[in-house]
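Here is what each chain is made of, one letter per residue.
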Amino acid sequence: MPKEVDHQARRRELADAACRVIGRHGLAGATLAQVAEESGWSIGSMRYYFPSKDELLASALWRVGERIDERIRRRTAGGMSLADLRTAALELLLAFLAQAAVVPELAAAADDAAERLQEPLTARIAHAIQAGELPPHLDPGHEAIRLQLLIYGLMVELATTTTPRRHMATWAQAILDEHIAALAARPAPGPERATPARRP
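Since the structure is predicted, the reported quantities are computational estimates derived from the model, not experimental observations. (Residues numbered from 1 in each chain as written. Predicted model: local features only at pLDDT ≥ 70, side-chain atom pairs only at ≥ 80, totals over all residues. Heavy atoms only, no water.)

K.L.:
Help me understand the nonpolar core in this model?
P.N.:
In globular proteins that are soluble, nonpolar side chains generally tend to be buried together. Membership of the largest hydrophobic core comes to 47 residues, with the highest contact counts inside it found for M46, L56 and L134. Every element with two or more residues in this core is listed here: α1 (7–25), α2 (32–39), α3 (43–49), α4 (53–76), α5 (82–102), α8 (118–130), α9 (140–160) and α10 (165–184). Broken down by element, the residue count for this core peaks at eight residues, all from α5. Non-local contacts of L56, meaning those with residues more than four positions away in its chain, are made with L14, A15, A18, L32, V35, M46 and F50. (Core = buried A, V, L, I, M, F, W, Y, C linked by side-chain atoms within 4.5 Å. Buried < 20%, exposed > 50% of the residue type's maximum accessible area, 1.4 Å probe, protein only. Helix = DSSP H or I, 4+ residues; strand = E, 2+ residues; numbered from the N terminus. Contact = heavy atoms within 4.5 Å.)

Given below as structure tokens:
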């Protein structure tokens, strides 16, 4: 019987090899020949899975976001506590910081991981409310969006600052902790409170 080929695994293998090449040569400097040498595959075999260089590089960017997402899930182990919520957000920030330090172009892939966190963040906030860790008047979906917007803002600062990255990591963690502490102590809104619309 012919051996069954795991095509998805092979696509991930090639995308990971492309990530390593991009890390050394930059997005513009990466070539199919370099990825072929890194992966041990021939260019012809690579083209079976990725007909063009652009498709391969796009898959590499996707893999960055996917690995960030996998790391977050491992660190929280599916937990739903307020501490797990903090870990998920902090892991995303630190992963973004690490990617930006290696290849600025790859840091954009963290945005994809942030999008994937919308549902898990909402679920964790809802669970924290039910468990009494957060005030009962909070809206889980709204607070998940607020947290994501904070993460996006920190990402912009991390990507553009000239401050040493070790200091930025400490600063970003402090900002995140302040937000979660304020969330836990947040008073009930008044009758005139307006809820911002969800971003498009």
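K.L.:
Help me understand the packing of α1 against α4 in this model?
P.N.:
Angle between the axes and distance between the axes are the two parameters that describe a pair of packed helices. At a closest axis distance of 8 Å, the pairing of α1 and α4 adopts a crossing angle of 95 degrees. Between α1 and α4, the interaxial angle falls into the category roughly perpendicular. Between α1 and α4, the residues in contact are R12, L14, A15, D16, A18, C19 and I22 and L56, L57, S59, A60, R63, V64, E66 and R67, respectively. Across the contact of α1 with α4, the residue classes break down as nine nonpolar, one polar and five charged. (Axes fitted to C-alpha atoms, helices over the stretch in contact; angles between N-to-C directions. Parallel < 35°, antiparallel > 145°, perpendicular 65-115°, else oblique. Nonpolar A, V, L, I, M, F, W, Y, C, P; charged D, E, K, R; others polar.)

K.L.:
Which parts of the structure should I look at to understand empty space enclosed by the protein?
P.N.:
Over the atoms rolls a probe the size of a water molecule, and its path tells where empty space is left. Enumeration over the complete set of coordinates arrives at one cavity of 30 Å³ or more. Approximately 30 Å³ is the volume attributed to the largest cavity. Around the largest cavity, the lining residues are D69, I72, R73, L117, P120 and R124. At the level of secondary structure, the elements contributing two or more residues to the lining of the largest cavity comprise α4 and α8. Residues belonging to the lining of the largest cavity are distributed by class as follows: three nonpolar, no polar and three charged. (1 Å grid on protein atoms, 1.4 Å probe; cavity = no way out; pocket = protein on both sides within 12 Å on 5 of 7 lines; lining within 4 Å. Points joined across faces, edges and corners; volume = space filled by probe spheres on them.)

K.L.:
Which parts of the structure should I look at to understand the environment of G132?
P.N.:
Along the polypeptide, G132 turns up in the loop between α8 and α9. By relative accessible area, G132 is classed as exposed at 56%.

K.L.:
Looking at this model, I keep getting lost on the pattern of salt bridges. Mind explaining?
P.N.:
Two side chains bearing opposite charge may form a pair once their charged atoms approach each other closely. By the definition in use, this model includes five salt bridges. Between R63 and D16 there is a salt bridge; the shortest N-O distance is 3.0 Å. A residue pair is termed long-range when its members are at least 10 positions apart, and R63 in helix α4 and D16 in helix α1 qualify at 47 residues. A salt bridge links R20 to E38; its shortest N-O distance comes to 2.7 Å. Here the residue R20 occupies a position in helix α1, and E38 occupies one in helix α2, the gap between them amounting to 18 residues. Given the relative accessible area of 27%, E38 is considered partly exposed. The network of salt bridges with shared partners includes R20, R24 and E38. (Salt bridge = Lys/Arg side-chain N within 4 Å of Asp/Glu carboxyl O.)

K.L.:
How should the packing of aromatic side chains be read in this particular structure?
P.N.:
Under the definition given, this model contains two aromatic pairs. With centroids separated by 5.6 Å and ring planes inclined at 70 degrees, the aromatic side chains of W41 and Y49 adopt a geometry described as edge-to-face. An aromatic cluster is present here, built from W41, Y48 and Y49 joined pairwise through their rings. (Phe/Tyr/Trp six-rings, centres within 6.5 Å; stacked < 30°, edge-to-face > 60°.)

K.L.:
When you look at the packing of α1 against α2 in this model, what are you seeing that I'm missing?
P.N.:
Between α1 and α2, the least distance of the axes is 9 Å, while the angle of their chain directions is 120 degrees. Classified by the angle between their axes, α1 and α2 sit oblique to one another. The element α1 and its partner α2 pack so that their crossing is right-handed. Packed against α1, whose contacting residues are E13, L14, A17, A18, R20, V21, R24 and H25, the element α2 presents Q34, V35, E38 and S39 at the interface. (Left-handed = near helix turned anticlockwise from the far one by under 90°.)

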